[in-house]
Amino acid sequence: MLNIVLVEPEIPQNTGNVARTCACIGARLHLVEPMGFAVTQRNLARAGCDYWDDVDIVRWSCADEFFEAHATDELHLFTGHVQASYASVSYGRDAYLVFGRESRGLDEAVMQRFASACVRIPMREGMRSLNLSNSVAIAAYEALRQQGWPNMA
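Predicted, not measured: the structure shown is a model, and the values here were computed from it.

Caption draft 1: Focus on the overall build of the chain. The number of helices and strands found in the chain is 5 helices and 6 strands. Projected onto its principal axes, the C-alpha positions of the chain cover 40 × 35 × 35 Å. Sorting the 153 residues of the chain into buried and exposed places 46% on the buried side. Sequence-distant contacts, at least 24 apart, represent 75% of the contacts inside the chain between residues at least 6 apart. Approximately 8,100 Å² of the chain is accessible, and the part contributed by carbon and sulfur atoms is 48%.

Below, the structure is given as structure tokens:
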């Protein structure tokens, strides 16, 4: 199963959009604390997250816990600070697509530790970043395309 990982997400609407994408493609969603919002019914409703119950969600207490548990798994860390394109790597069926917080991305120490796993989504020079939920969708659909659209109609 494809795994989508949000490390310290800050905006509930983005997380809601990502959860909807995960529901539609059958991916597992990993949420790494601390998050910039509480997962409450009110926040979920405000984010329009009517797909929440259709997603396999795994919660992690901190980034260290997640990365220690998955250090030997197939990780792909998305950042704007490398040259390797997300489309130039192969994605296995159990890959982990890892995205950092909206305001500043992944921590430098994490990117250094997993430097060979860092990829980027190309965009025009001078642009800071794509929206988190858009980035997740782009990356997830490339992984699924490479895998031949498993379990999708």
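We are not done yet, so read on.
Caption draft 2: Fine view of the pairing of strand β1 (residues 3–7). For β1, a buried count of 5 out of 5 residues is recorded, marking the element as mostly surrounded by other parts of the structure. Burial along β1 is two-sided: Asn3, Val5 and Val7 and Ile4 and Leu6, pointing in opposite directions, are all buried. Note: β1 against strand β2 (residues 28–32), 5 bridges, orientation parallel. For Leu6, the partnering residue across the bridge sits in β2 and is Leu31. The handedness of the β1 to β2 crossover, carried by helix α1 (residues 12–25), is right-handed. For β1 and strand β5 (residues 96–99), the ladder comprises 4 bridges, and the chain directions are parallel.

Caption draft 3: Representation of the pattern of salt bridges in the model. Tallied over the entire structure, the rule returns 6 salt bridges. Ionic pairing is found between Arg101 and Glu8, a salt bridge with its closest N-O pair at 2.6 Å. Of the two residues, Arg101 sits in the loop between β5 and α4 (108–113) while Glu8 sits in the loop between β1 and α1, which places them 93 residues apart along the sequence. Each of the two residues, Arg101 as well as Glu8, counts as buried. Residues Glu68 and Arg113 are paired through a salt bridge, measuring 3.0 Å at the closest nitrogen-oxygen approach. In this pair, Glu68 sits in helix α3 (residues 63–69) while Arg113 sits in helix α4, placing the two residues 45 residues apart along the sequence. Exposure remark for Arg113: the relative accessible area of 44% places this residue in the partly exposed category. Through salt bridges with shared partners, a single ionic network connects Glu8, Arg101 and Asp107.

Scoring rules and cut-offs
Residues numbered from 1 in each chain as written. Predicted model: local features only at pLDDT ≥ 70, side-chain atom pairs only at ≥ 80, totals over all residues. Heavy atoms only, no water. Helix = DSSP H or I, 4+ residues; strand = E, 2+ residues; numbered from the N terminus. Buried < 20%, exposed > 50% of the residue type's maximum accessible area, 1.4 Å probe, protein only. Contact = heavy atoms within 4.5 Å. Areas by Shrake-Rupley, 256 points an atom, 1.4 Å probe, with all protein chains shown as cover. Pairing = 2+ DSSP bridges. Right-handed = clockwise from strand over helix to strand, strands pointing away. Salt bridge = Lys/Arg side-chain N within 4 Å of Asp/Glu carboxyl O.

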